[in-house]
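Residue-level structure breakdown
Letter by letter, the chains look like this.
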Protein chains: 2
Amino acid sequence: MSTYRFCVSVMPKPGILDPQGRALEGSLPHLGVDSVHEVRVGRRVELSVDGASEGAARAVVERLADELFANPLIESWSVEAMARPALEAAR
Amino acid sequence: MSTYRFCVSVMPKPGILDPQGRALEGSLPHLGVDSVHEVRVGRRVELSVDGASEGAARAVVERLADELFANPLIESWSVEAMARPALEAAR
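Let us look at the structure shown here.

What counts, and at which threshold
- Residues numbered from 1 in each chain as written.
- Chains lettered and ligands numbered in written order.
- Predicted model: local features only at pLDDT ≥ 70, side-chain atom pairs only at ≥ 80, totals over all residues.
- Heavy atoms only, no water.
- Helix = DSSP H or I, 4+ residues; strand = E, 2+ residues; numbered from the N terminus.
- Rg over C-alpha atoms; globule rule 2.2 N^0.38 Å.
- Buried < 20%, exposed > 50% of the residue type's maximum accessible area, 1.4 Å probe, protein only.
- Contact = heavy atoms within 4.5 Å.
- Salt bridge = Lys/Arg side-chain N within 4 Å of Asp/Glu carboxyl O.
- Pairing = 2+ DSSP bridges.
- Least-squares fit on C-alpha atoms with pLDDT ≥ 70 in both.
- Polar contact = N/O pair within 3.5 Å; in protein donor to acceptor, adjacent residues only side chain to side chain.
- Disulfide = S-S within 2.5 Å.

**Observations regarding the overall build of chain A**
- Tallying secondary structure elements over chain A gives 2 helices and 3 strands in all.
- Element order for chain A, N to C, with α for helix and β for strand: β-α-β-α-β.
- Against the globule reference of 12 Å for 91 residues, chain A gives a C-alpha radius of gyration of 17 Å, more extended than a compact globule.
- With the C-alpha coordinates of chain A rotated into their principal frame, the extents come out at 50 × 30 × 25 Å.
- Every one of the 91 residues in chain A was classed for burial, and the buried ones make up 42%.
- Partitioning the intrachain contacts of chain A with sequence separation of at least 6 by distance along the chain shows that 75% fall at a separation of at least 24.

**Side note on the interface of chain A and chain B**
- Listed by partner, the interface residues are 41 residues for chain A and 41 residues for chain B.
- Taken together, chain A and chain B are joined by 0 salt bridges.
- Counting only elements with at least two residues in the side of chain A that touches chain B, the list comes to strand 1 (2-12), helix 1 (19-27), strand 2 (36-51) and helix 2 (54-69) of chain A.
- Looking at which element gives the most residues to the side of chain A that touches chain B, the answer is strand 2 of chain A, with 15 residues.
- Relative to strand 2 (residues 36-51) of chain B, strand 2 of chain A runs antiparallel, the two sharing 11 bridges. Paired with Val 49 of chain A across the bridge in strand 2 of chain B is Val 36 of chain B.

**Focus: the relation of the copies chain A and chain B**
- Mapping chain A onto chain B leaves a residual RMSD of 0.0 Å; the transformation is a rotation of 180 degrees accompanied by 0.0 Å of translation along its axis. In short, the pair behaves as if placed about a two-fold rotation axis. Relative to the rotation axis, the C-alpha of Arg 43 of chain A is the closest in chain A, positioned 2.1 Å from it.
- Most of the interface of chain A is mirrored in chain B, where 100% of its interface residues are also at the interface.

**Observations concerning the side chain of Glu 25 of chain A**
- Turning to its location among the elements, Glu 25 of chain A is positioned in helix 1.
- Looking at Glu 25 of chain A, its side chain comes within polar contact range of the main-chain nitrogen of Glu 38 of chain A, at 3.3 Å.

**Focus on the state of the cysteines**
- Overall, the coordinates contain 0 disulfides over all chains when judged by the stated rule.
- Here Cys 7 of chain A is not cross-linked by a disulfide; its sulfur's nearest cysteine counterpart is in Cys 7 of chain B, at 8.4 Å.
- Residue Cys 7 of chain A is classed as buried on the basis of its relative accessible area, which comes to 2%.

**Details of the pattern of salt bridges**
Residue and element names in this part refer to chain B.
- In total, this model carries 14 salt bridges over all chains according to the counting rule given.
- Of the charged contacts in the structure, one is a salt bridge between Arg 5 and Glu 46, with a shortest N-O distance of 3.6 Å. Note that Arg 5 is positioned in strand 1 (residues 2-12) and Glu 46 in strand 2, a separation of 41 residues in sequence.
- Glu 54 is the partner of Arg 58 in a salt bridge, and the nearest nitrogen-oxygen pair spans 3.9 Å. Separated by 4 residues within a single helix, Arg 58 and Glu 54 lie in helix 2 (residues 54-69), roughly one turn from each other.

Structure, rendered in structure tokens:
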């Protein structure tokens, strides 16, 4: 049994309203920035999973991404394996 | 002048309370999942930047990450260049 670290990126699907992205874009002129566009804001979920293999651990992450982390109607998600650094103790 | 696409990952610093991560962890037992731990939730900001070079564009992104996207007191951020696919028309 090993521990694997993954990151799940959850982004609003194309065409779905993204109020946080619009708010950031609205702030750019105040910072004198006019070269930035197409701002989209989503979530990033990092998690550790115990599993017999990376594949088994990834299957758990994909299930959680679909059922818990994202709303598949309006958000798309992707899973990436992360290097296993000394884990930042988060508690 | 070219357009570059970047993604900025913003995560709560180690030791900083992460209520969204705790909430997700609290939901795991209801899904019958006991192999997941160290859940951390942050933001992912994707943006396009016009610039004379990737370096110049990245400098703009790093300034925005520090001044607008993240609160450096409690969040850390990192910037990654993204492949330039046909951009999902976000508007």
